[in-house]
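Summary of the model geometry
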Amino acid sequence: MRVFVTGASGWIGSAVVPELIGAGHQVVGLARSDASADALTAAGAEVVRGTLDDLDVLRRAAADSDGVVHLAFKHDIAFSGDFKGAGEADRRAVEVIGEALAGSGRPFTIASGTPSIPGRVATERDGHDPDPAAAARGDAQHVRAATAELTLSLAARQVRSSVVRLAPTNHGEGDNGFVPALIGIARAKGVSGYIGDGANRWSAAHRLDSARLFRLALENAPAGSTLHAVAEEGLPVRDLAEVIGRQLGLPVESVAAADADAHFSWLAGPLAANRAASSVLTRELLGWRPDRPGLVEDLEQGHYFK
Ligand SMILES: NC(=O)c1ccc[n+]([C@@H]2O[C@H](COP(=O)([O-])OP(=O)(O)OC[C@H]3O[C@@H](n4cnc5c(N)ncnc54)[C@H](OP(=O)(O)O)[C@@H]3O)[C@@H](O)[C@H]2O)c1
């Protein structure tokens, strides 16, 4: 397949590109800078220059493809207070790509996040269920859920659409996500902390396993599928803090919920959430078998602490 990939130069995308090429697909990656274009060329992909706001570029590249994997997201503005703006750009991109693919039966796979459900494990059957008012306020989970629902609705317009919900940590060498941020806070504070009893759990996957799932989704997911890129159902956040404390030689301590914002800053919300999730249905549907190291094993290898 000739596959148009947005976000091809990112953490997940730079694993998806070789996964697709290794399976015999041709990749056309969206690049907004010379550095990203060079990285894509070096990885063996074709480059189309543009940003998420260049809707004509997205429309044309999608129309010229046999399928699309959409991974780009404006994390820069999302994490500096404008999640709503990032979500709106994401939604517009999904709309134009969906228009370009409508009626074709071609696959369209996007990235989203596993839902946070207090007290239980989320499954693929848990709907995206966006609350429109919360999405309009820029609440991250509802913004992403609304775009996921829009993507799945394209199944009714003969697009083989699917949503891959990613775990909060997609770990591996070079990770710059939540786990390195938590390590940075531990270093700065001199203590490896967790909130309350730290019993809430985070699911995890190695990014190379997640990349394989994107390929399988593109190749085989039935229209309207929600899939979970979850290799490990849930690690208590306290256990994560313990590995970090051991590796850094720091004490491991609970932080009271009332002090969490001051201690963890923007990470307080994600760190307090229960993000345990299952991938039983995804594995059954697509034969996905994650086989890379788990989160603790990856942390014990030491590369997160150099
Ligand atoms: N990583 C995780 O653990 C995780 C967990 C849950 C959900 N997700 C979701 O999975 C997707 C991929 O995440 P990631 O970790 O790979 O993110 P990332 O490393 O931040 O990569 C983001 C990608 O989007 C591109 N991009 C950003 N703004 C753009 C714009 N205005 N126009 C065009 N391209 C733009 C970036 O291009 P440049 O290379 O030029 O910056 C990069 O290729 C995102 O939707 C993310 O929210 C990730």
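This part covers the overall build of the protein. Helix and strand counts for the protein come out as 14 helices and 12 strands. For a compact globule of 306 residues, the expected C-alpha radius of gyration is about 19 Å, and the protein comes in at 19 Å, within 12% of that figure. Dimensions of the protein, computed from C-alpha atoms along their principal axes, come out at roughly 55 × 40 × 35 Å. Of all 306 residues assigned to the protein, the portion counted as buried reaches 53%. For the protein, long-range pairs separated by at least 24 residues make up 79% of all intrachain contacts whose partners lie at least 6 apart in sequence. Carbon and sulfur atoms provide 49% of the accessible area of the protein, an area that totals close to 12700 Å². Side chains of the protein give 30 positive and 38 negative charges; the mean places of these two sets differ by 3 Å.

This next bit is on the site of the ligand. By nearness alone, 22 residues border the ligand, and S9, I12, R32, H75 and R144 come closest of all. One of the backbone N or O atoms of F73 is found 3.5 Å from an oxygen atom in the ligand. N170 places a side-chain nitrogen or oxygen 3.0 Å from an oxygen atom of the ligand. When isolated, the ligand has an accessible area of 900 Å², and the protein chains bury 82% of it. Its residues placed into classes, the shell around the ligand shows 11 nonpolar, 8 polar and 3 charged.

Let's shift gears to the packing of helix 5 (residues 83–101) against helix 7 (residues 140–153). Between helix 5 and helix 7, whose axes approach to 10 Å, the crossing angle comes to 5°. When the axis of helix 5 is compared with that of helix 7, the two are roughly parallel. On helix 7, the residues that touch F83, G87, D90, R91, V94 and E95 of helix 5 are A140, V143, R144, A146, T147, L150 and T151.

As enumerated under the stated definition, the model contains 17 salt bridges in all. E46 is paired through a salt bridge with R2; the nearest N and O atoms lie 3.0 Å apart. Taken together, the residues E46 in strand 3 (residues 46–49) and R2 in strand 1 (residues 2–6) connect sequence positions 44 residues apart. E46 sits in the partly exposed class, given a relative accessible area of 37%. The salt bridge partner of R201 is E233, with a shortest N-O separation of 3.3 Å. One end of the pair, R201, is in strand 9 (residues 201–206); the other, E233, is in strand 11 (residues 232–236), with 32 residues separating them in the sequence. Taking relative accessible area as the criterion, E233 reaches 38% and is therefore assigned partly exposed.

It is worth spelling out the nonpolar core at this point. Of all hydrophobic cores here, the largest spans 29 residues; its most connected members are V5, L71, V164 and F214. Looking at this core, the element that brings in the most residues is helix 9 (residues 207–220), giving 6 residues. In this structure, W202, V237, A241 and I244 belong to the second largest nonpolar core, which totals 26 residues.

Here we take up the packing of aromatic side chains. As enumerated under the stated definition, the model contains 4 aromatic pairs in all. Seen from their ring centres, F73 and F83 are 5.5 Å apart, and the 45° between their planes marks the pair as tilted. Here the residue F73 occupies a position in the loop between strand 4 (67–70) and helix 4 (75–78), and F83 occupies one in helix 5, the gap between them amounting to 10 residues. Taken individually, F73 and F83 each receive the classification buried, so the pair is uniform in this respect. Here the aromatic rings of F178 and W266 are separated by 5.9 Å at their centres, their planes lie at 40°, and the arrangement is tilted. In this pair, F178 sits in helix 8 (residues 178–189) while W266 sits in the loop between helix 11 (260–264) and helix 12 (268–272), placing the two residues 88 residues apart along the sequence. Connected via pairs of aromatic rings, a cluster forms that spans F79, F178, W202 and W266. Just above the ring of F73 sits the side chain of R144; from NZ or CZ to the centre is 3.9 Å. Over the ring of W11 we find R207; its NZ or CZ atom is 4.2 Å from the centre of that ring.

Moving on to the sheet that holds strand 11. Taken in spatial order, the 3 strands line up as 7-9-11 in an open sheet, and their pairing is mixed. Lying at the two open borders of the sheet, with one neighbouring strand each, are strand 7 (169–171) and strand 11. When strand polarity is set aside, the average angle formed by the axes of neighbouring strands in this sheet is 40°. In the packing of helix 10 (residues 237–248) onto the sheet, the strands contacted are strand 9 and strand 11, and the crossing angle to strand 11 comes to about 70°.

So, about the sheet that holds strand 5 (residues 107–113). One open sheet accounts for 7 strands, arranged 3-2-1-4-5-6-10; its pairing is parallel. With partners counted over all chains shown, the strands left at the sheet margins are strand 3 and strand 10 (225–229), one partner each. Neighbour to neighbour, the strand axes of the sheet diverge by 20° on average, direction disregarded. In this sheet, strand 10 lies alongside strand 6 (residues 160–166) in parallel orientation, the contact comprising 5 bridges. Looking across to strand 10, one finds that S162 is bridged to S225. Helix 5 contacts strand 4 and strand 5 of the sheet and is inclined by roughly 165° relative to strand 5.

Conventions adopted
- Residues numbered from 1 in each chain as written.
- Predicted model: local features only at pLDDT ≥ 70, side-chain atom pairs only at ≥ 80, totals over all residues.
- Heavy atoms only, no water.
- Helix = DSSP H or I, 4+ residues; strand = E, 2+ residues; numbered from the N terminus.
- Rg over C-alpha atoms; globule rule 2.2 N^0.38 Å.
- Buried < 20%, exposed > 50% of the residue type's maximum accessible area, 1.4 Å probe, protein only.
- Contact = heavy atoms within 4.5 Å.
- Areas by Shrake-Rupley, 256 points an atom, 1.4 Å probe, with all protein chains shown as cover.
- Lys, Arg positive; Asp, Glu negative; His and termini not counted.
- Charge placed at Lys NZ, Arg CZ, Asp CG, Glu CD.
- Near = heavy atom within 4 Å.
- Polar contact = N/O pair within 3.5 Å; in protein donor to acceptor, adjacent residues only side chain to side chain.
- Nonpolar A, V, L, I, M, F, W, Y, C, P; charged D, E, K, R; others polar.
- Axes fitted to C-alpha atoms, helices over the stretch in contact; angles between N-to-C directions.
- Parallel < 35°, antiparallel > 145°, perpendicular 65-115°, else oblique.
- Salt bridge = Lys/Arg side-chain N within 4 Å of Asp/Glu carboxyl O.
- Core = buried A, V, L, I, M, F, W, Y, C linked by side-chain atoms within 4.5 Å.
- Phe/Tyr/Trp six-rings, centres within 6.5 Å; stacked < 30°, edge-to-face > 60°.
- Lys NZ or Arg CZ within 6 Å of the ring centre and 35° of its normal.
- Pairing = 2+ DSSP bridges.

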